[in-house]
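# Structural overview for review
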Amino acid sequence: MGSIEQTFLLQVPSSTENLAMIRDFVASVGEQAGLGEEDVSKLELAVDEACANAIEHAHGNDLTKAVTVRATFDQQSLRIEVVDAGGGFDLGAVPDESLARLTAAGRMGGLGVRVMRALVDEVSYEIVPGEPNRLRLLKHIRR
Amino acid sequence: MPQPFSVQRTDEGDISVLALEGFLDAHTAPIFEQAIQSELDNGRARLVVDGQKLSYISSAGLGVFMGFIEQIRQEGGDLKICGLNQRVRQIFEILGFQAIYDMLDTVPDAVRRFSEVPTREA
């Protein structure tokens, strides 16, 4: 295959019911890209977090909207792009509150971005006015 | 197709054991949330969550643990976690849950822990 890029695409209605399908998709592509079992698991979870954010926060669980997951890999890395149509959010503005503070406040949210950052090598988010928002995750392939 | 998730409840005296099975994500987290709320509504704040058959957890599931612990401890109880497989336990540890929750190997260990530490300071 050399270093030729391969791209796979999944588009689903914006419902948390479809998170399992998204995880299966990511696992299949991860295995094909040559990621080890542990890295596949980490990537599955990171993409789950990105898509759950898109479905619940960007789309407000609106089934008429779609979440698109685009996976591209070559010999070196696997890149995942999650595209939503919502208002977007600034990753840099997500407060890095301690777990103790979150639990003391009875908060159930606030961990998704932290999970993503812990599990993949790069996380970035692109908001361009008038265009869909893109969250990008990158995982290096260790051979 | 969503992946299945269920909560089985048993009693060990005044301790409620909630055994989780399957995939705990943003879709299934409300089932777990309802199970804990139901215990608190019944005045039962001594909880063991058995994760032996828990295959997967995302932050939505972790959020349920976070969201109730303050109330549980204010009511003099605690939530102790046991039986997690290595993959699931790794996620708890990445986020530092071991600093806030007692994490044990088995249900009997977790039940016994209540006699040593009935409620833990966060």
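Scroll up for the structure.
The text that follows walks through the structure, step by step, so that each part is easy to find.

## Remarks on the interface of chain B and chain A
In this complex, chain B contributes 29 residues to the contact, which on the side of chain A involves 31 residues. Across the chain B to chain A interface the summed buried area is about 2,300 Å²; carbon plus sulfur atoms make up 63%. Linking chain B with chain A are one salt bridge, by the criterion used here. When the shortest N-O distance is used, the salt bridge between R23 of chain A and D25 of chain B registers 2.8 Å. At the boundary of chain B and chain A, one finds six residue pairs in polar contact (both at pLDDT 80 or more). Elements that contribute at least two residues to the side of chain B that touches chain A include exactly β3 (46-57), α2 (59-74) and α3 (86-94) of chain B. Looking at the side of chain B that touches chain A, the element that brings in the most residues is α2 of chain B, giving nine residues. Looking at side-chain class alone, the side of chain B that touches chain A contains 17 nonpolar, eight polar and four charged residues.

The rules behind the values
Residues numbered from 1 in each chain as written. Chains lettered and ligands numbered in written order. Predicted model: local features only at pLDDT ≥ 70, side-chain atom pairs only at ≥ 80, totals over all residues. Heavy atoms only, no water. Contact = heavy atoms within 4.5 Å. Buried area = accessible area lost by both parts, 1.4 Å probe. Salt bridge = Lys/Arg side-chain N within 4 Å of Asp/Glu carboxyl O. Polar contact = N/O pair within 3.5 Å; in protein donor to acceptor, adjacent residues only side chain to side chain. Helix = DSSP H or I, 4+ residues; strand = E, 2+ residues; numbered from the N terminus. Nonpolar A, V, L, I, M, F, W, Y, C, P; charged D, E, K, R; others polar.

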